[in-house]
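Chains, contacts and geometry: an overview
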Amino acid sequence: MIEVVCNDRLGKKVRVKCNTDDTIGDLKKLIAAQTGTRWNKIVLKKWFLSERCLSRRYTIFKDHVSLGDYEIHDGMNLELYYQ
């Protein structure tokens with residue numbers, strides 16, 4: 001069991017406990033239960049520094065891929081956006 005922290009940069013920070021074999025879609029449903037938002041309106045992103053061009057880029061997580069496949073671990077922070 002891991003804990004993932006999602007921050008929407010508007011003052012809402014959500015801590016969700018889940019398993020590494022859960023999918024991103026499952027994580028979105030857990031976040032939706034805590035925030036009162038519909039799960040299909042949630043977009044999860046992770047910013048990273050691209051070493052090749054030394055610029056900031058982000059990954060948009062797909063619903064059908066598991067947290068373990070994305071190497072999301074305990075205490076990791078994800079950006080929470082609404083579409």
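Look up a bit, the structure's there.
Since the structure is predicted, the reported quantities are computational estimates derived from the model, not experimental observations.

Looking now at the overall build of the protein. Of the regular secondary structure elements, the protein holds one helix and five strands. In the protein, the order of α-helices and β-strands from amino to carboxyl end is β-β-α-β-β-β. Relative to its length of 83 residues, the protein is compact, with a C-alpha radius of gyration of 13 Å against a globular reference of 12 Å. When the backbone C-alpha atoms are referred to their principal axes, the protein occupies close to 40 × 30 × 20 Å. Taking all contacts inside the protein whose residues are at least 6 apart in sequence as the whole, residues at least 24 apart take part in 50%. Side chains of the protein give 15 positive and 11 negative charges; the mean places of these two sets differ by 9 Å.

Judged by nonpolar contacts, the single largest core of 18 residues is most densely connected at Leu27, Ile31, Leu44, Ile72 and Leu78. Looking at this core, the elements that each hand over two or more residues are β1 (2–7), β2 (13–18), α1 (24–35), β3 (42–50) and β5 (77–82). No other element matches α1, which puts four residues into this core. Residue contacts for leucine 44: discarding those within four places in its chain leaves Cys6, Ile24, Leu27, Lys28, Ile31, Thr59, Ile60, Phe61, Leu78, Glu79 and Leu80.

Glancing now at the packing of aromatic side chains. Where two aromatic rings form a pair, the distance of their centres and the angle of their planes describe that pair. Scanning the entire structure with this criterion turns up two aromatic pairs. On the numbers, 4.6 Å between centres and 70° between planes, the contact of phenylalanine 61 with tyrosine 70 is edge-to-face. With relative accessibility at 24%, the residue tyrosine 70 sits in the partly exposed group. In this arrangement the basic side chain of lysine 29 is found over the ring face of tryptophan 39, its NZ or CZ atom lying 4.8 Å from the centre. Positioned above the aromatic ring of tyrosine 81 is the side chain of lysine 45, whose terminal nitrogen or guanidinium carbon lies 4.5 Å from the ring centre.

Procedures and definitions
Throughout this document, residue positions are counted from 1 along each chain, in the order its sequence is written. At least 70 in pLDDT is required for a residue's local features to be given in this predicted model, at least 80 for side-chain atom pairs to be given and counted, and no such filter applies to totals for whole chains, interfaces and linings, which use all residues. Excluding hydrogens and water, the side-chain figures rest on all heavy atoms present in the structure. A run of H or I in DSSP counts as a helix once it spans at least four residues, and a run of E counts as a strand once it spans at least two, with each numbered from the N terminus. Atoms counted for the radius of gyration: C-alpha only. Globule rule: 2.2 Å times residue count to the power 0.38. For this analysis, residues touch if any pair of their heavy atoms sits within 4.5 Å. Under the counting rule used here, the positive set is Lys and Arg, the negative set is Asp and Glu, and His together with the chain ends is not counted. Think of each charge as sitting on NZ of Lys, CZ of Arg, CG of Asp or CD of Glu. The set of buried Ala, Val, Leu, Ile, Met, Phe, Trp, Tyr and Cys residues whose side-chain atoms join them within 4.5 Å is what this entry labels a nonpolar core. Buried, partly exposed and exposed residues are distinguished by accessible area as a fraction of the type maximum, computed with a 1.4 Å probe on protein chains only: under 20%, between the cut-offs, and over 50%, respectively. We call Phe, Tyr and Trp rings a pair once their centres come within 6.5 Å, taking the six-membered ring for Trp, and we label the pair stacked below 30 degrees between planes, edge-to-face above 60, and tilted otherwise. Over a ring means this: the NZ of a Lys or the CZ of an Arg is within 6 Å of the ring centre and within 35 degrees of the ring normal.

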